[in-house]
Amino acid sequence: MTVRRRTADDKRCGLPEAAGLVADGDVVAIGGGLSHREPMALVRELIRQGRRDLHVVGSAHGIDVDQLIGAEAIGVVEQSYVGFEQDFGLAPAYRRAAGQGAVQLRESCCYTILQQLRAAEYGLPFIPVRGIIGSDVLHLHPEYSEITCPFTGQRLIAVPPLAPDVALIHGLLADQHGNVHVRRPLVLDERFAFASRRVVVTVERLASSQEVSAAGVTIPYFLVDAVVEAPYGAHPTSCYPHYTYDREHIAAWIAAAAGDEGIREYFETYLAPDECHYRDQIGEAALARLRTFDESPERWQELMA
Amino acid sequence: MNPRFTLDEWMCVELARTIGDGEIVFHGFGSPCAQVAMHVAKRTHAPHMVLIEGATYALDPVPAFLPPTSNDWSLLTGAPHVLRFEELFDLGARGDLDRMFLSGGQIDPYGNTNVSMIGPRDRPKVKLGGGGGGCNLSATVGALTIWTTRHGSGRTLVQRCDFITDMGHRTPAGSRTELGFPGGGPEAMITDLGAFDFPEGRARLTRLYPDVDVEAVRGATGFELEVADRVQTMTPPTEAELRTVREVDPTGVRRSEFGSADLARAYTLHGEVAVA
């Protein structure tokens, strides 16, 4: 397929075409974090398309990485965390794949990843970070190197630049040129957008340039290769101020991911052929319920129980 | 207010008491006891503390409840500002975070913690979630408060971690001084059995809950237990501290860190064991 130029006037496309910008074996930066604003429509499309050997990088994540591992789409995990916190605990597909040696574990640290992205942004061959020495995380990364500061003699770890092949980001609004509006917490989304070779964006809604500009441009158009309108594109993670995370659905994934059979059934039920089917399977009422969080603190609390 | 209270409430209060007024404090994600403790400290003895939420990086929010996940907009409620990811970690790197909280599936006598994996590195028996920002922050943050709710399991406090994620006072690679870490390392450790300090960079038992004795701690600890000359009984929560724990965490998210037997451990405000 033809890769869209970053200066194209119109970067709108369909989800299959956008996910086509991710190749087998790519280093992939997934936006959002934990249970917040992860680009799940793109994750699902990568699974539909049977992507393999992805090398995922980033900070603390959850169902996005666990589902990709469950679909055998990932070869290397270089995240600072993959799991479901106190909520549901360990990530079942990740834990199983790690125990079988089915994924390479290159666990990293939030600040290390950030500094590696910055090295790429700054155009530097390395950046020094403190810490890591004494941690076994060092032994998972032969690409790191201990150096001595030429001015102070301090021991530091030099880490190489990280320029992911592709960043996947879910935002709130975008115009046809690829100007994207996102709201805090941005996690690493801006850094991913600036450091990556390709940037693929889904948004809750496409809008006019005036509307995106008024809301505030978080990621400027010249960094972006493709934009796709994907309502509920972060589901079952949250996408405020529109909807909270779908705790019940995440619980359903946790239960399904206890075994290979459950994972197969989950994907059969929810994935094929497209996002319309996915939303139908979740159900209009269930989705609408997630939008009621702002009725009152009590309501919000109820949705989290 | 029910004056009978349980271990989870007491532990959160003990953790809160490790925070000084005016400190800049951060808890990691997935750390409900530390999160409750920070909000309790802010609303009781440490009103000038700068509270930075664990995954939203919201400043001093006043949430109506704590959600079971750390990156949620409910944790932005009442916050005057939300820091960027970059700003939080830069604060930590340059030594301007005074304290953070760390836990682990394994913790050794020097306060090294393992949140990465149990068993061999190529095929771990249990792949834990991972360290988040710990293996950088533990080098540079002013002081660390360590906690675990699983000391009683006998599997958590170990002579040697299978994998060191976050660095304590000494690792096989050397001491903090030798490694050039500007941060002070572990200062306190609060567990479901008692409280520890680190006078020589090694954990030392100083205080106990009233339903635990030194022998029970020794039996649950995988390394040679160092004990202070006078081990004291912990001071129970004040009414105000207890009320604040319940206000901060009305749904009891903190309880997800505990096993059912420990959740049944109950006390009175006089520090006596309460009979069920």
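Please refer to the structure placed before this passage.
Everything numeric here is computed off the predicted structure, so don't read it as measured data. (Residues numbered from 1 in each chain as written. Chains lettered and ligands numbered in written order. Predicted model: local features only at pLDDT ≥ 70, side-chain atom pairs only at ≥ 80, totals over all residues. Heavy atoms only, no water.)

Chemist: Please clarify how the overall build of chain B should be interpreted in this entry.
Modeler: The number of helices and strands found in chain B is eight helices and 18 strands. For a compact globule of 276 residues, the expected C-alpha radius of gyration is about 19 Å, and chain B comes in at 18 Å, within 12% of that figure. Along the three orthogonal principal directions, the C-alpha set of chain B runs to about 50 × 45 × 35 Å. Counting the 276 residues in chain B, one finds 63% classified as buried. Long-range pairs, those at least 24 residues apart, make up 68% of the contacts in chain B between residues at least 6 apart in sequence. Entry remark: accessible area of chain B is about 9,700 Å², with carbon and sulfur atoms responsible for 49%. Taking the average location of the 26 positive side-chain charges in chain B and that of its 35 negative ones, the two points are 4 Å from each other. (Helix = DSSP H or I, 4+ residues; strand = E, 2+ residues; numbered from the N terminus. Rg over C-alpha atoms; globule rule 2.2 N^0.38 Å. Buried < 20%, exposed > 50% of the residue type's maximum accessible area, 1.4 Å probe, protein only. Contact = heavy atoms within 4.5 Å. Areas by Shrake-Rupley, 256 points an atom, 1.4 Å probe, with all protein chains shown as cover. Lys, Arg positive; Asp, Glu negative; His and termini not counted. Charge placed at Lys NZ, Arg CZ, Asp CG, Glu CD.)

Chemist: I tried to follow the packing of aromatic side chains on my own but got confused; where do I start?
Modeler: Each pair of aromatic rings is reported with the distance of its centres and the angle of its planes. All names here are of chain B. Throughout the structure, instances matching the rule amount to 23 aromatic pairs over all chains. Ring centres 4.9 Å apart and planes at 85 degrees place the aromatic pair tryptophan 10 and tyrosine 267 in the edge-to-face group. With tryptophan 10 in helix H1 (residues 7–16) and tyrosine 267 in strand S18 (residues 266–267), the pair connects residues that are 257 residues apart, well separated along the chain. Neither residue differs from the other here; tryptophan 10 and tyrosine 267 are each classed as buried. When the ring of phenylalanine 101 is compared with that of tryptophan 147, the centres are 6.5 Å apart and the planes differ by 75 degrees; the resulting orientation is edge-to-face. (Phe/Tyr/Trp six-rings, centres within 6.5 Å; stacked < 30°, edge-to-face > 60°.)

Chemist: For this particular structure, what's the right way to read empty space enclosed by the protein?
Modeler: Space left empty within the atom packing is revealed by a probe, the size of a water molecule, rolled over the atoms. A complete count under the given rule lists four cavities of 30 Å³ or more for this structure. Considered as a void within the structure, the largest cavity measures approximately 90 Å³ in volume. Lining the largest cavity are 13 residues, and of these A:Leu34, A:Ser35, A:Gly83, A:Phe84 and B:Thr69 sit closest to its centre. Among the elements that line the lining of the largest cavity, the one with the most residues is helix H4 (residues 85–88) of chain A, at three residues. If you add up the space inside the second largest cavity, you get close to 60 Å³. Of the residues assigned to the lining of the second largest cavity, the class counts are six nonpolar, one polar and four charged. (1 Å grid on protein atoms, 1.4 Å probe; cavity = no way out; pocket = protein on both sides within 12 Å on 5 of 7 lines; lining within 4 Å. Points joined across faces, edges and corners; volume = space filled by probe spheres on them. Nonpolar A, V, L, I, M, F, W, Y, C, P; charged D, E, K, R; others polar.)

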